[in-house]
Structure formats: C-alpha cells, structure tokens
Amino acid sequence: MNQDQNSPWEYKPNGTTSVDTNNSSLGSSAPANHIKRPAEISWQAAEFIEHPHPSSWYMTLAVGTVLLAGLVYLMSKDFFATGTILVVGVIVAVFAGHKPSKVQYQISDAGLSVNGKNYPYGSFKSFAVLQEGPLSSVNFFPLKRFMPPVSAYFDPKDGEKIIDSLGDYLPYEERKMDAVDRLSRRLRL
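Residues numbered from 1 in each chain as written. Predicted model: local features only at pLDDT ≥ 70, side-chain atom pairs only at ≥ 80, totals over all residues. Heavy atoms only, no water.

1. So, a nonpolar patch on the surface
Piece 1. Together, Met59, Val63 and Leu67 line one region of the surface with nonpolar side chains, adding up to about 310 Å² of accessible area.
Piece 2. Note that valine 63 resides in helix H1 (residues 55-76).
Piece 3. A relative accessible area of 43% means that valine 63 is categorised as partly exposed. (Patch = residues over 30% accessible without salt bridge, like charges linked within 9 Å, V, L, I, M, F, W, Y side chains within 5 Å. Areas by Shrake-Rupley, 256 points an atom, 1.4 Å probe, with all protein chains shown as cover. Salt bridge = Lys/Arg side-chain N within 4 Å of Asp/Glu carboxyl O. Helix = DSSP H or I, 4+ residues; strand = E, 2+ residues; numbered from the N terminus. Buried < 20%, exposed > 50% of the residue type's maximum accessible area, 1.4 Å probe, protein only.)

Below you can see the structure in the form of structure tokens.
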C-alpha cells in the first residue's frame, strides 16, 4: 500500500488512524484541540417505561383472547392453535403487570455497562436516541446479526452529556421507532 509522504495520517490495520505529531508540515503553531470528557458517566434509570393498566385493560385482554381463540377453533378445529393463543394472552397479561427494576448504566472507555455487564463499543455499529414518554432511550445497534439491540433509558436532563460522550465512540444514526415499538406503545405494554 502506498502511503502519501506528505500526509500526517497513518493507516493502521485495526481500523484506527493516527496523526504523526513529528511531521513538520503541521507547523508548531497548530493549536491542540483536546476536549477533556469525564472518564466515565454513570446513571440509574428504569429498565423500561412502566404503563399502569387498570383492571378494565386486563378484562379487555381476556375477552379479546378468548374471542380470538374461539374464532380460530371454529375455523380450524385445531386445539394446538387455540391453546397457543390462550397461552400468549396469559403471557401478555403477566408481562404487562411486571414492574420495571432500576438499572445501573455506565459509559466509559471500555464500553457500555448495564448492571455490570460490559458491552464493548466494537460490537455496535451506531446508536440512536428515542423519546419515549417521560424518559428517553439510547439504542445501540449491534454488528452481529442475531444480537438484539441494547437500550439504555435516561432522564432527558442527562441526555446531552450522555449523547456527547457516546459520540466520541460511536456514530449517531437518526432513527424512528419500528412497527413493533409503535404497536406496543399503542397497546401500552
């Protein structure tokens, strides 16, 4: 690979670049742009946004599940499909009643840490910020195909320092909520 002798940049095989500070073409009057960020940022937030459900919501879910299961049974005479619909209805009710726990998040040079589990920045291609009710979330999009995205919720007042810090490690990507997120928001799951 030919390297331009006049360029202060040097390619390294691991994908990083470095600047030759001894290159006289830069001149000694070039100001040093050193932005000092905190070594790490940590905060605590709920693991997901809680949507309280009145008893009428659960009653509507139960009636809807039984009607759908009955309709499927009348059309197909299949006990397995009918039972599956009933089980899914029970699972949705159980998860809808689950209260979020507090999660400890930390951003450092090593990566994102969620309750002590570290996710290195090298396993993500980008991040996006979504506003979800009283909290915002930063969503990390993985490089690996079957790794699920990682979300970290935060109070909007802490957003600027969190986003600025993440911008030092990962590119920001403008994204909107996907269809599943929009559906669960409408159902208040």
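2. With respect to the environment of glutamine 131
Piece 1. Looking at where glutamine 131 falls in the secondary structure, it is placed in strand S7 (residues 124-132).
Piece 2. Its relative accessible area of 46% is what places glutamine 131 among the partly exposed residues.
Piece 3. Sequence separation of glutamine 131 and phenylalanine 154 is 23 residues, and the distance between their C-alpha atoms is 9.9 Å.

3. Focus: the side chain of asparagine 139
Piece 1. Mapping asparagine 139 onto the fold places it in strand S8 (residues 135-142).
Piece 2. In this structure asparagine 139 comes out as buried when scored by relative accessible area, which is 8%.
Piece 3. In terms of polar contacts, asparagine 139 uses its side chain to reach the side chain of serine 137, at 3.4 Å. (Polar contact = N/O pair within 3.5 Å; in protein donor to acceptor, adjacent residues only side chain to side chain.)

4. Some remarks on the sheet that holds strand S9 (residues 150-154)
Piece 1. Read across the sheet, three strands follow the order S7-S8-S9 without closing on themselves; strand pairing throughout is antiparallel. With one partner strand each, in any of the chains shown, S7 and S9 form the two edges of the open sheet. When strand polarity is set aside, the average angle formed by the axes of neighbouring strands in this sheet is 20°.
Piece 2. Relative to S8, S7 runs antiparallel, the two being bridged by eight bridges. Each bridged residue has a counterpart across the sheet, and for glutamate 132 the counterpart in S8 is leucine 135.
Piece 3. Running at roughly 165° to S7, helix H3 (residues 159-167) makes contact with S7, S8 and S9 of the sheet. (Pairing = 2+ DSSP bridges. Axes fitted to C-alpha atoms, helices over the stretch in contact; angles between N-to-C directions. Contact = heavy atoms within 4.5 Å.)

5. Some thoughts on helix H2 (residues 79-96)
Piece 1. Between the first and last C-alpha of H2 there are 26 Å, a value that for 18 residues agrees with the 26 Å anticipated at 1.5 Å per step.
Piece 2. Taken as a whole, H2 has its buried residues at Thr82, Ile85, Gly89 and Ala96. For H2, the angular spread of buried residues about the axis comes to 60°, placing them on one side. Facing away from the buried side of H2, by more than 90 degrees, are the exposed residues Phe79, Phe80, Val90, Val94 and Phe95. (Expected span 1.5 Å × (residues − 1). Arc of directions from axis to C-beta.)

6. Things to note about the packing of H1 against H2
Piece 1. Packing of H1 against H2 brings their axes to within 8 Å, and their N-to-C directions diverge by 170°. Taken as axis vectors, H1 and H2 run roughly antiparallel relative to one another. Between H1 and H2, the residues in contact are Trp57, Tyr58, Leu61, Thr65, Val66, Leu68, Ala69, Val72 and Tyr73 and Phe79, Ala81, Thr82, Ile85, Leu86, Gly89, Val92, Ala93 and Ala96, respectively.
Piece 2. A class-by-class count of the residues in the contact of H1 with H2 yields 15 nonpolar, three polar and no charged. (Parallel < 35°, antiparallel > 145°, perpendicular 65-115°, else oblique. Nonpolar A, V, L, I, M, F, W, Y, C, P; charged D, E, K, R; others polar.)

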